Amino acid sequence: MSDEQQRQSHRSAVKQHGLDAGDVRRKREELTVTIRKNKREESLNKRRNVSDIVSRVPKSTPATAAQQPIATVPVTPDADTEFESLEEMVKACRGTDPALFFPATQSIRQLLSVEHNPPIAEVLDSGILPRLIQFLTANEHPKLQFEAAWAITNIASGNSRQTQAVLEAGAVPLLIGLMNSPDPELREQAVWGLGNIAGDSSTNRDYVIRVGIVPPLIKLVAQDAASVSLIRNATWAFSNLCRGKPAPDFPPLKPALPTLCALLRYNDMDVLTDALWGLSYLTDGGEVPNQAILEAGIPQVVVPLLRVNNINMQIPAMRALGNIVTGTHAQTQGVIEAGILPAMVELLKNPKKCIKKEACWVLSNIAAGTRDQVIALIQAHLVPALVGCMSNTDTEIRKEACWAICNAVAGVGQEHIGYLISQGFVEPMCLLLECADNKMITVILETIETILKAGEAIGGVTNPYVQVIEDANGVELLEELEEHANERIYNRTVRILEQYFQVGGDEDGEYEEGEEGEGEEGEEGEGEDEDVAEGDTQEEATAAAPTTTTTAPTANNAFQFVAPPPTTFPGGFSFTSPSNKS
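Structural notes, computed from the coordinates.

The rules we used
- Residues numbered from 1 in each chain as written.
- Predicted model: local features only at pLDDT ≥ 70, side-chain atom pairs only at ≥ 80, totals over all residues.
- Heavy atoms only, no water.
- Helix = DSSP H or I, 4+ residues; strand = E, 2+ residues; numbered from the N terminus.
- Buried < 20%, exposed > 50% of the residue type's maximum accessible area, 1.4 Å probe, protein only.
- Contact = heavy atoms within 4.5 Å.
- Areas by Shrake-Rupley, 256 points an atom, 1.4 Å probe, with all protein chains shown as cover.
- Axes fitted to C-alpha atoms, helices over the stretch in contact; angles between N-to-C directions.
- Nonpolar A, V, L, I, M, F, W, Y, C, P; charged D, E, K, R; others polar.
- Phe/Tyr/Trp six-rings, centres within 6.5 Å; stacked < 30°, edge-to-face > 60°.
- Lys NZ or Arg CZ within 6 Å of the ring centre and 35° of its normal.
- 1 Å grid on protein atoms, 1.4 Å probe; cavity = no way out; pocket = protein on both sides within 12 Å on 5 of 7 lines; lining within 4 Å.
- Points joined across faces, edges and corners; volume = space filled by probe spheres on them.
- Salt bridge = Lys/Arg side-chain N within 4 Å of Asp/Glu carboxyl O.
- Core = buried A, V, L, I, M, F, W, Y, C linked by side-chain atoms within 4.5 Å.
- Patch = residues over 30% accessible without salt bridge, like charges linked within 9 Å, V, L, I, M, F, W, Y side chains within 5 Å.
- Lys, Arg positive; Asp, Glu negative; His and termini not counted.
- Charge placed at Lys NZ, Arg CZ, Asp CG, Glu CD.

1. Points about the overall build of the chain
Part 1 of the reasoning: Across its full length, the chain carries 30 helices and 0 strands.
Part 2 of the reasoning: Taking all 582 residues of the chain together, 55% fall into the buried category.
Part 3 of the reasoning: Residue pairs at least 24 apart in sequence account for 72% of intrachain contacts in the chain once pairs closer than 6 positions are excluded.
Part 4 of the reasoning: For the chain, the accessible area works out to roughly 24600 Å², and carbon and sulfur atoms hold 50% of it.

2. Observations regarding the side chain of Gln189
Part 1 of the reasoning: Within the secondary structure, Gln189 is located in helix H10 (residues 184-198).
Part 2 of the reasoning: Judged by its relative accessible area of 2%, Gln189 falls in the buried class.
Part 3 of the reasoning: Leave out the neighbours within four places in its chain, and Gln189 touches Asn49, Phe146, Ala149, Trp150 and Thr153.

3. Observations regarding unusual backbone geometry
Part 1 of the reasoning: Residue Pro246 is bonded to the preceding Lys245 through a cis peptide linkage, with omega at -5 degrees.
Part 2 of the reasoning: Its place among the elements puts Pro246 in the loop between helix H13 (228-242) and helix H14 (257-263).
Part 3 of the reasoning: Although it is not a glycine, Asn117 adopts a positive phi angle of roughly 50 degrees.
Part 4 of the reasoning: Along the chain, the position of Asn117 falls in the loop between helix H4 (101-112) and helix H5 (120-125).
Part 5 of the reasoning: The class of Asn117 is exposed, set by a relative accessible area of 73%.
Part 6 of the reasoning: Positive phi outside glycine occurs at His381, with the angle close to 65 degrees.
Part 7 of the reasoning: With a relative accessible area of 46%, His381 lands in the partly exposed category.

4. Quick word on the packing of helix H27 (residues 438-458) against helix H28 (residues 464-471)
Part 1 of the reasoning: Axis separation between H27 and H28 bottoms out at 7 Å; the angle between their running directions is 145 degrees. Of the residues in H28, those touching H27 at Ile448, Ile451, Leu452, Ala454, Gly455 and Ile458 are Pro464, Tyr465, Val466 and Ile469.
Part 2 of the reasoning: Here the contact of H27 with H28 is composed, by residue class, of 9 nonpolar, 1 polar and no charged.

5. Structural notes on the environment of Ile133
Part 1 of the reasoning: As for its placement among the helices and strands, Ile133 is situated in helix H6 (residues 129-135).
Part 2 of the reasoning: Given a relative accessible area of 5%, Ile133 falls into the buried group.
Part 3 of the reasoning: Taking the C-alpha atoms as reference points, Ile133 and Ala148, separated by 15 residues in sequence, lie 7.0 Å from one another.
Part 4 of the reasoning: Discounting residues that sit within four places of it in the chain, Ile133 has contacts with Ile152, Val166, Ala169, Gly170, Ala171 and Leu174.

6. Topic: the packing of aromatic side chains
Part 1 of the reasoning: Tallied over the entire structure, the rule returns 3 aromatic pairs.
Part 2 of the reasoning: On the numbers, 5.5 Å between centres and 35 degrees between planes, the contact of Phe101 with Phe135 is tilted. Of the two residues, Phe101 sits in helix H4 while Phe135 sits in helix H6, which places them 34 residues apart along the sequence.
Part 3 of the reasoning: What makes Phe135 buried here is its relative accessible area of 0%.
Part 4 of the reasoning: Measuring from centroid to centroid gives 5.5 Å for Phe146 and Trp150, while their planes differ by 70 degrees, and the two rings are edge-to-face. Placement of both Phe146 and Trp150 in helix H7 (residues 142-156) is noted, with a separation of 4 residues, approximately one turn of the helix. There is no split in this pair, since Phe146 and Trp150 are both buried.
Part 5 of the reasoning: We note Arg109 situated over the ring of Trp150; from NZ or CZ to the ring centre the distance is 3.9 Å.
Part 6 of the reasoning: Across the ring face of Phe101, the terminal group of Arg131 is positioned such that the distance to the ring centre comes to 4.9 Å.

7. Quick word on empty space enclosed by the protein
Rolled over the atoms, a probe as big as a water molecule pinpoints where empty space is left.
Part 1 of the reasoning: Per the stated rule, a full pass over the model turns up 2 cavities of 30 Å³ or more.
Part 2 of the reasoning: The calculated volume of the largest cavity comes to roughly 70 Å³.
Part 3 of the reasoning: For the lining of the largest cavity, the secondary structure elements donating two or more residues are helix H12 (214-223), H13 and H14.
Part 4 of the reasoning: Here the lining of the largest cavity is built from residues that sort into 10 nonpolar, 1 polar and no charged.

8. Section: the pattern of salt bridges
Part 1 of the reasoning: Scanning the entire structure with this criterion turns up 14 salt bridges.
Part 2 of the reasoning: Taking the shortest distance from any N to any O, the salt bridge between Arg187 and Asp224 comes out at 2.6 Å. With a gap of 37 residues between them, Arg187 in helix H10 and Asp224 in the loop between H12 and H13 connect regions that are remote in the sequence. Considered together, Arg187 and Asp224 belong to a single accessibility category, that of buried residues.
Part 3 of the reasoning: Three or more residues joined by partner-sharing salt bridges are found here, namely Glu446, Glu449, Arg492 and Arg495.

9. Things to note about the nonpolar core
Part 1 of the reasoning: Ranked by internal contacts, the top residues of the largest apolar core, which has 169 residues, are Leu264, Ile340, Met344, Phe425, Met429, Ile448 and Phe501.
Part 2 of the reasoning: The biggest single contributor to this core is H27, with 10 residues.
Part 3 of the reasoning: Discounting residues that sit within four places of it in the chain, Ile448 has contacts with Met429, Cys430, Leu433, Ile469, Leu478 and Ile496.

10. Observations regarding a negative patch on the surface
Part 1 of the reasoning: The grouping of Glu82, Glu84, Glu87 and Glu88 at the surface amounts to a negative patch.
Part 2 of the reasoning: Inspection of the secondary structure puts Glu84 in the loop between helix H2 (21-39) and helix H3 (86-94).

Structure representation (structure tokens):
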């Protein structure tokens, strides 16, 4: 197998996230909760309409045809109508006087619109929900439909049992029908209610999609682009159609990708934020939706949004692009070609910890790509900033940055390893050997071995990178790992110390202190931790980096190395001969 084939095999094995997929996704969701709490109501998966607008219905004489069906009676409010209790409102809605339908429904809606502790349970217990849903069919009376839809929306903003009551009462098909109403405020209220129902659970979400919300939603965004309020609600509802586990079925959502692309260009922060969150959920569905997203040109629209100094936009934008680069190498390349790398430099320097961490995670996935993709990362001047993040006071940021650098070391040739070492990552990487994360420790050990193998390939009397590890206090930290409880970490540590630092073994290569017989077989034996089980480390796929056949040292023991001409490094880096250790 050629060097490049070995590298590609290695990259395929570690591509997914650098970290275990489940761990990364769990951290993503925790971060999502933090960000969305900052957005309060506008970012929750359910929202109540708490504003209390003055009725838009003109005053007129109440109708007298009390016994006529709802659809044929002109329902108007009576300015003098007041209800003393919920019981009176319910009685009026169920009564025979059509003139009371509107004011009674409006009064119920006002009860449900109070900012704190709305009586959703009491309204449901009154049994009025079926009547409110019946009012949705009063096509001749859009004002009554509007008040009923508003009340139903606020009921659906309650707990899951209350939302389920709305769904089971048959509100979804009627609300979808109202998205085609000639009344724009009624269209908005209908999509708001559907957003609440879809946001309750993945089961409800799938039902709303199945009943057919997507086509009228696409139409609504196109025809109501001038209404900022309506577009905000439509975008938020769409984001709820994309969120949740398991991921929604993608084919029904695929026709909405051009609409999503248009929303990502909309000149409103709330719309952009919810569109980005929706995209971040959608990109978490795997390679199939991500390929369609790439083909729709969406990354080219998202990358410029990384430069907007707004954490509520930058986090979901990075999340969406980061999800895509966990896919195939071709998908990673598509995001690179969209211009993500130059935009990441400032994000790595951002004072907000969550942005730094997310940026490091994105770059760790790009660094797990092809050799050319790693070189593109290097030439974008990102390595110094990543090394700076490895010295951050926040351990999680240090670890994510370390993943990025370790992936880069594993994916390039020895000439690039020399550049990476020159940027000073070895010492902060070695310090992370003291962390409690076995996966992190294992990857660092693999990286140390890769560095030392690259040093051997240079040729010369001594391995120049042995001194680099020693200067970074690496030997002392490795020796501490000889007491590690994890057998795989212990065995790898002993192997490194014996092979490169002549520590821990005698002339026969046996381990000291009664450890004879626990050599390479111990790595596959019992006692390994679950979090470094087979498949979790880079070594399981292939060797961390191919070892180049070396020539014998010259007679005068002078180290000579010339960087290949095609490679260009940032910052004017040039190779110098490491001093030999006598």
